[in-house]
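# Analysis of the macromolecular model
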Amino acid sequence: PDTAAGLAQLPGIGGYTGRRAIGYAKRLLAKTRYETVVYVACQNDFMGSRGGGDWTRGAEETLRDLAALQKAFPCRIGVLLHTYLEYNLADLLQRKGWSAEWIGKTAALRQIMPQACRGHGFAYTDWSDAVAAYRQRETSVFAAFGLYSDQCHLSRRGNELAAEQIAAWLGPSPTGTASP
């Protein structure tokens, strides 16, 4: 699509680990050619059971699967790393929010994802950066609450902001047509 509004036309999936989501995307791509695949990678895509495990390793494995998918079904790929409210408002929530372990694991994801995505030739954007800029623009530490409908899922405004972030690197379609 040529606009952020056009992003809403793309099919989406949810409720999966990152690797399961890539498997599902592979089945979709086998049926229909898509010019662009946008992976909204929620940090919980990489968590082990109950938040355990090495989240960065899970992210790296998922991105390798995504790169293999791109080889089988040539298309542009972009990744938006979506982080939970508790991470983006850790300064406000303090001890009422997440554990230091989960804050650290999320920060580690944010450190490795840009380079890992570039290494595979994927476009990348970081939701936490968008939230921080939004809070500053709105001049309120509470502004981020309006971007979420709960601790994870985005509100209408949150989805609009995410679509704006994606559209910024997506740009016009290489063929001049909208993806199906």
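Presented here is an overview of the structure given in this document. Every value quoted in this text rests on a predicted model; they were computed, and no experiment measured them.

## What to know about the pairing of strand β2 (residues 76-82)
The buried fraction of β2 amounts to 6 of the 7 residues, a majority that puts the element mostly inside the structure. Here strand β1 (residues 36-42) pairs with β2 via 7 bridges, running parallel. Within β2, the position partnered with Val38 by the bridge is Gly78. Relative to strand β3 (residues 123-126), β2 runs parallel, the two being bridged by 4 bridges. For Leu81, the partnering residue across the bridge sits in β3 and is Asp126.

## Examining the pattern of salt bridges
Scanning all chains against the criterion turns up 10 salt bridges. Of the charged contacts, one joins Glu164 and Arg157 as a salt bridge, the two residues approaching to 3.4 Å between their closest N and O atoms. Overall, the relative accessible area of 25% leaves Arg157 in the partly exposed class. Connected through salt bridges with shared partners, the residues Arg19, Arg57, Glu61 and Asp65 form a single ionic network.

## Some remarks on a nonpolar patch on the surface
There is a patch of nonpolar side chains on the surface, built from Leu92, Val141, Phe142 and Phe145 and spanning about 340 Å² of accessible area. Inspection of the secondary structure assignment puts Val141 in the loop between α6 (127-138) and α7 (156-170). The exposure class of Val141 is partly exposed, given its relative accessible area of 40%.

## Some words on the sheet that holds β1
Sheet architecture is open: 3 strands sit in the order β1-β2-β3, paired in parallel fashion. Across the chains shown, the open sheet's two edge strands, defined by having one partner strand only, are β1 and β3. With strand direction ignored, the average angle separating the axes of adjacent strands in the sheet is 15°.

## A few points about α6
Since the α-helix packs 3.6 residues into each turn, any two residues three or four apart lie on the same face. Its 12 residues give α6 an end-to-end C-alpha distance of 16 Å, which sits within 8% of 16 Å, the value for a rise of 1.5 Å per residue. Among all positions in α6, only Trp127, Ser128, Ala130, Val131, Tyr134 and Arg135 are buried. The buried side chains of α6 occupy one side of the element, clustering within an arc of 155° when seen end-on. More than 90 degrees from the buried face of α6, the exposed residues found are Gln136 and Arg137. For α6, the capping residue at the N-terminal end is Asp126, with a side-chain oxygen 2.7 Å from the backbone nitrogen of Ser128.

## So, the packing of aromatic side chains
Evaluation of the coordinates by the stated rule reveals 3 aromatic pairs. Geometrically, the ring pair formed by Trp55 and Trp102 is edge-to-face, given 5.7 Å between the ring centres and 70° between the ring planes. In this pair, Trp55 sits in helix α2 (residues 55-72) while Trp102 sits in helix α5 (residues 100-119), placing the two residues 47 residues apart along the sequence. With relative accessibility at 1%, the residue Trp55 sits in the buried group. You can call Trp102 partly exposed: its relative accessible area is 22%. Ring geometry for Trp127 and Tyr148: centres 6.3 Å apart, planes at 80°, overall edge-to-face. On the criterion of sequence distance, the pair formed by Trp127 in helix α6 and Tyr148 in the loop between α6 and α7 is long-range, its members being 21 residues apart.

What counts, and where the lines are drawn
Sequence positions are assigned chain by chain, starting from 1 and proceeding in written order. For a predicted model such as this one, the threshold for reporting local features is a pLDDT of at least 70, and the threshold for listing and counting side-chain atom pairs is 80 or more; totals across whole chains, interfaces and linings nevertheless cover every residue. The side-chain numbers reported here are obtained from all heavy atoms of the structure, hydrogens and water having been left aside. Type-normalised accessible area, obtained with a 1.4 Å probe on protein chains alone, sets the label of each residue: buried when under 20%, exposed when over 50%, and partly exposed for intermediate values. Helix and strand assignments come from DSSP, with helices taken as H or I runs of at least 4 residues and strands as E runs of at least 2, each series counted from the N terminus. By definition, two strands form a pair when at least two bridges between them are found by DSSP. The term salt bridge refers to a side-chain nitrogen of Lys or Arg lying within 4 Å of a carboxyl oxygen of Asp or Glu. Residues enter patches when their relative accessible area tops 30% and they take part in no salt bridge; the joining distance is 9 Å for like charges and 5 Å for the nonpolar side chains Val, Leu, Ile, Met, Phe, Trp and Tyr. Methods summary: accessible areas were calculated by the Shrake-Rupley approach with a probe of 1.4 Å, and residue burial reflects only the protein chains presented. Note on geometry: axes are C-alpha line fits, over the in-contact stretch for helices, and angles between N-to-C directions span 0 to 180 degrees. How far a helix is expected to stretch is found by multiplying one less than its residue total by 1.5 Å. It is the directions from the helix axis to the C-beta atoms whose arc is reported. Definition of a polar contact: a pair of N or O atoms within 3.5 Å, with one able to donate and the other able to accept a hydrogen when the atoms are protein atoms, and with sequence-neighbouring residues admitted only if both atoms are side-chain atoms. Pairing of aromatic side chains here covers Phe, Tyr and the six-membered ring of Trp, requires ring centres within 6.5 Å, and sorts the geometry by plane angle: under 30 degrees stacked, over 60 edge-to-face, intermediate tilted.

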